[in-house]
Amino acid sequence: QKERSGRAAFEKMIERAFGSPEAADTTYEEAKAKLQHHEAWFAIKSDLRRDEVFQGLMERLEEQHRKARAESRHDRVVRLQRRLASDPELKRQRLRWKDVAALLTRKG
């Protein structure tokens, strides 16, 4: 029971610190350097076990981010299609992608 609650505290600490998609490539050594002074770090006694828990959690977070991107992809495509269909500037015959990107950036 104590080990499970310690693991949960450790995972919560890692998720708060590195739960964003931008932090998905964080290594165990980077996490250790940043978080080893927290009490939750010592909830798991073995460095090897902490590494295993960290790797497992990061894999789960990466899978969650992948699923979220896949789910939102359809909505982004539909929005872009609607925008392309409704804007006369984006319907020009010889429009280059570079021009489209500039127009979309300018119009927000």
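Please read these numbers as outputs of a predicted model, since none were measured by experiment.

Rules behind the numbers
- Numbering of residues begins from 1 in every chain and follows the order in which that chain's sequence is written.
- Side-chain atom pairs in this predicted model are given and counted only at pLDDT of 80 or more, local residue features only at pLDDT of at least 70, and totals for whole chains, interfaces and linings cover all residues.
- Excluding hydrogens and water, the side-chain figures rest on all heavy atoms present in the structure.
- Think of pLDDT as the predictor's per-residue confidence, scored from 0 to 100.
- Each helix is a run of DSSP H or I of at least 4 residues and each strand a run of E of at least 2, with the numbering of both proceeding from the N terminus.
- Salt bridges are defined as contacts in which a side-chain nitrogen from Lys or Arg sits within 4 Å of a carboxyl oxygen from Asp or Glu.
- Think of it in three bands: residues with accessible area under 20% of the maximum for their type are buried, residues over 50% are exposed, and the middle band is partly exposed, with areas taken using a 1.4 Å probe on protein chains only.
- What counts as a ring pair is set by centres within 6.5 Å for rings of Phe, Tyr and Trp (its six-membered ring), and what kind of pair is set by the plane angle: stacked under 30 degrees, edge-to-face over 60, tilted for all other angles.
- Helix span, expected: 1.5 Å multiplied by one less than the number of residues in the helix.
- Note that the bend at a residue is defined as the angle between axes fitted to the seven residues ending at it and the seven residues starting at it.
- Residue contacts are defined here by distance: any two heavy atoms, one from each residue, within 4.5 Å place the two residues in contact.

Caption draft 1: Focus on the confidence of the model for the protein chain. In the predicted model, the protein chain carries a mean pLDDT of 90, and 99% of its residues have values of at least 70. Summarising per-element confidence for the protein chain, the mean pLDDT is lowest in helix α4 (residues 97–107) (85) and highest in helix α2 (residues 28–35) (96).

Caption draft 2: Representation of the pattern of salt bridges. In total, this model carries 9 salt bridges according to the counting rule given. A salt bridge links Arg66 to Glu62, with the nearest nitrogen and oxygen atoms 3.2 Å apart. Residue Arg66 and its partner Glu62 are both found in helix α3 (residues 47–86); the two are separated by 4 residues, about one turn of the helix. Taking relative accessible area as the criterion, Glu62 reaches 37% and is therefore assigned partly exposed. For the salt bridge of Asp99 with Arg96, the shortest nitrogen-to-oxygen distance reads 3.2 Å. Residue classification places Asp99 among the partly exposed positions, given a relative accessible area of 21%. On the basis of relative accessibility, which here comes to 49%, the residue Arg96 falls in the partly exposed class. Because the salt bridges share partners, they merge into one network encompassing Arg7, Glu11 and Arg60.

Caption draft 3: Region of the structure containing the side chain of Glu11. Checked against the element boundaries, Glu11 lands in helix α1 (residues 2–18). Residue class for Glu11 comes out buried when judged on its relative accessible area of 15%.

Caption draft 4: Spotlight on the packing of aromatic side chains. Tallied over the entire structure, the rule returns 3 aromatic pairs. On the basis of an interplanar angle of 55 degrees and a centroid distance of 5.4 Å, the ring pair of Phe10 and Trp41 is categorised as tilted. Note that Phe10 is positioned in helix α1 and Trp41 in the loop between α2 and α3, a separation of 31 residues in sequence. We note that Phe10, like Trp41, is buried. The interplanar angle of 25 degrees and the centroid separation of 5.7 Å between the aromatic rings of Tyr28 and Trp41 together place this pair among those described as stacked.

Caption draft 5: Geometry of α3. For α3, with 40 residues, the first-to-last C-alpha span of 57 Å sits near the 58 Å given by 1.5 Å per residue. Along its length, α3 shows its largest kink, about 30 degrees, at Ser72. Burial in α3 covers these residues: Arg50, Val53, Phe54, Leu57, Met58, Leu61, His65 and Val78. Against the buried residues of α3 lie α1 and α2.

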